[in-house]
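This is what each chain is made of:
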Amino acid sequence: MKNLLLLVSFILFQFSLAQEITPTLDRTTIKIGEPIKYEAKIDYKEGDKITFPTISDSLNYHISVLDSKLDTVEKTGKSQIVQHIDLTSFDAGKFSIPSIVIQKNGKDFKTKALEIEVKDVEVDTAKNAIFPIKNVMGEKLSIGDYWNRYWLYGIIALILFIIAIILVVLYIRSKSSLSNSNSYKTPYEEAKASLKSLDAKKYLKRGEQKEYYTQLSFILRRYLGRVYNFSALEFLSDDLVRFISEKEDILPEDIQQFKRFLFDSDLVKFAKQTIDDSKSETYRKWVEEFVDRVKPLEIPQNEDLKKDQVTGENYKQFDNN
């Protein structure tokens, strides 16, 4: 039993020795800041999985890394992966290059720690006179220098300027649109102008039926809401038909046509259905005729007449003839 333990200990000792990699240095003595080349090699064959450590900008407090790269070499029938590291130190003294761990097929292989000597640079003050530090001198910059330094700020300023112009244009347009919408004296005038604007956009010729029916149904809903003083835009189609059916001044055939119009409009807007252009033009013609039939009769101005408290308009009667 004792011999078996000795044999196992010997095998483990031999295996532990095999786990260490001896790196090489091109020299062991350098001056401060002078580079030194460090190489660590490990054999590999096809199928081996080898992982080298990530090298940062320093190995320890005194050893700085200038460059690091991996390379593969073929030598005497062997394939090797080589870790090339350029090192230096900016302190004088003797320092140790620590071990690094390389994994091969899940096993750790440690490099042997090496020692280097860094010598200070002697300055002969007799031959090389030391002069006082000069003041910072002003630098003359060209246009190209300014562009190289501040081009990003210039582009950002240009983008912000363009955005500001766009916002100003949109604001002016919205104010103009609002001014135009408020220039109509009555709901009837607004509806007639909106229908004329709808025709000018030629949605049907461009095949944009969804936008056409959205605008046409909006014009009619807004008109009825203003005439009868209710939120027509917030009503569902069935509720809107039910509300309009209760108005005695609207003809039964207009109510039926109104119901068909809303139904087809919803199909186009929400179900992506397509309606013949001839039928769409029929709806457009009917909407204008319906607006004309529902138009309130204006009452002549006189001192005893009080304006409607909601719309501020001087008409109270309807004419369906």
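Small disclaimer: the values here were computed from a predicted structure and weren't measured. (Residues numbered from 1 in each chain as written. Predicted model: local features only at pLDDT ≥ 70, side-chain atom pairs only at ≥ 80, totals over all residues. Heavy atoms only, no water.)

### Quick look at helix α5 (residues 237-245)
1) Next: Among the residues of α5, Ser237, Leu240, Val241, Phe243 and Ile244 are the ones counted as buried. Taken around the axis of α5, the buried residues stretch over an arc of 160°, which confines them to a single face.
2) Next: Packed against the buried residues of α5 are α4 (209-228) and α6 (252-270). (Buried < 20%, exposed > 50% of the residue type's maximum accessible area, 1.4 Å probe, protein only. Helix = DSSP H or I, 4+ residues; strand = E, 2+ residues; numbered from the N terminus. Arc of directions from axis to C-beta. Contact = heavy atoms within 4.5 Å.)

### Some thoughts on the environment of histidine 84
1) Next: As for its placement among the helices and strands, histidine 84 is situated in strand β7 (residues 78-88).
2) Next: Sequence separation between histidine 84 and threonine 24 is 60 residues, and the spatial gap between their C-alpha atoms is 10.0 Å.
3) Next: Sequence-distant contacts of histidine 84, that is, excluding residues within four places in its chain, are made with Tyr38, Glu39, Asp67, Ser68, Lys69 and Asp71.
4) Next: At 3.2 Å, the side chain of histidine 84 forms a polar contact with the side chain of glutamate 39. (Polar contact = N/O pair within 3.5 Å; in protein donor to acceptor, adjacent residues only side chain to side chain.)

### As for the sheet that holds β7
1) Next: Read from one edge of the open sheet, 4 strands run β2-β4-β7-β6, paired in antiparallel fashion. Because the sheet does not close on itself, it has two edges, and the strands there are β2 (24-25) and β6 (64-75).
2) Next: Of the pairings in the sheet, the one linking strand β4 (residues 36-44) to β7 comprises 9 bridges and is antiparallel in character. In the strand pairing of β7, aspartate 43 is matched with glutamine 80. (Pairing = 2+ DSSP bridges.)

### A short note on the packing of α4 against α6
1) Next: One can describe the packing of α4 onto α6 by two numbers: an axis separation of 9 Å at closest approach and a directional angle of 140°. Looking at the two axes, α4 sits oblique to α6. For the pair α4 and α6, the crossing hand works out as left-handed. Across the interface between the two elements, Gln209, Lys210, Tyr213, Thr214, Leu216, Ser217, Leu220, Arg221 and Leu224 of α4 pack against Phe258, Phe261, Leu262, Ser265, Val268 and Lys269 of α6.
2) Next: Per-class residue counts for the contact of α4 with α6 are 8 nonpolar, 4 polar and 3 charged. (Axes fitted to C-alpha atoms, helices over the stretch in contact; angles between N-to-C directions. Parallel < 35°, antiparallel > 145°, perpendicular 65-115°, else oblique. Left-handed = near helix turned anticlockwise from the far one by under 90°. Nonpolar A, V, L, I, M, F, W, Y, C, P; charged D, E, K, R; others polar.)

### A look at the sheet that holds strand β11 (residues 114-119)
1) Next: What the 3 strands build is an open sheet, ordered β3-β11-β8; its pairing is mixed. With one partner strand each, in any of the chains shown, β3 (29-31) and β8 (93-97) form the two edges of the open sheet. Shown here is a sheet whose adjacent strand axes are inclined to one another by a mean of 35°, direction ignored.
2) Next: Two strands pair when backbone bridges link them, and β8 and β11 are joined in this way by 5 bridges, in the antiparallel orientation. The partner of glycine 93 across the bridge, within β11, is valine 118.

### Here's the deal with the packing of aromatic side chains
1) Next: Under the counting rule described, the total for this entry stands at 12 aromatic pairs.
2) Next: Residues phenylalanine 258 and tryptophan 286 carry aromatic rings whose centres are separated by 6.5 Å and whose planes lie at 35° to one another, so their mutual orientation is tilted. Taken together, the residues phenylalanine 258 in helix α6 and tryptophan 286 in helix α7 (residues 277-294) connect sequence positions 28 residues apart. With respect to burial, phenylalanine 258 and tryptophan 286 carry one shared label: buried.
3) Next: Relative to tyrosine 283, the ring of phenylalanine 261 lies with its centre 5.3 Å away and its plane at 65°, an arrangement referred to as edge-to-face. Note that phenylalanine 261 is positioned in helix α6 and tyrosine 283 in helix α7, a separation of 22 residues in sequence.
4) Next: We classify tyrosine 283 as buried; its relative accessible area is 3%.
5) Next: An aromatic cluster is defined as three or more aromatic residues linked by ring pairs; in this entry it consists of Tyr212, Tyr213, Phe258, Phe261, Tyr283, Trp286 and Phe290. (Phe/Tyr/Trp six-rings, centres within 6.5 Å; stacked < 30°, edge-to-face > 60°.)

### Observations regarding the packing of α6 against α7
1) Next: Running from N to C, α6 and α7 cross one another at 135°; their axes reach a closest spacing of 11 Å. Taken together, the axis directions place α6 and α7 in an arrangement best described as oblique. Of the two elements, α6 crosses α7, and the hand of that crossing is left-handed. In contact with Asp254, Gln257, Phe258, Arg260, Phe261 and Asp264 of α6, α7 contributes Lys279, Tyr283, Trp286, Val287, Phe290 and Arg293.

### Some words on the nonpolar core
1) Next: Of all hydrophobic cores here, the largest spans 34 residues; its most connected members are Leu220, Leu224, Phe258 and Phe261.
2) Next: Ranked by the residues each element gives to this core, the list is headed by α4, at 9 residues.
3) Next: Dropping the residues within four chain positions of it, phenylalanine 261 is found in contact with Tyr213, Leu216, Ser217, Leu220, Tyr283, Trp286 and Val287.
4) Next: Core analysis: the next-biggest nonpolar cluster, separate from the first, contains 23 residues, Ile50, Ile55, Ile63 and Ile97 among them. (Core = buried A, V, L, I, M, F, W, Y, C linked by side-chain atoms within 4.5 Å.)

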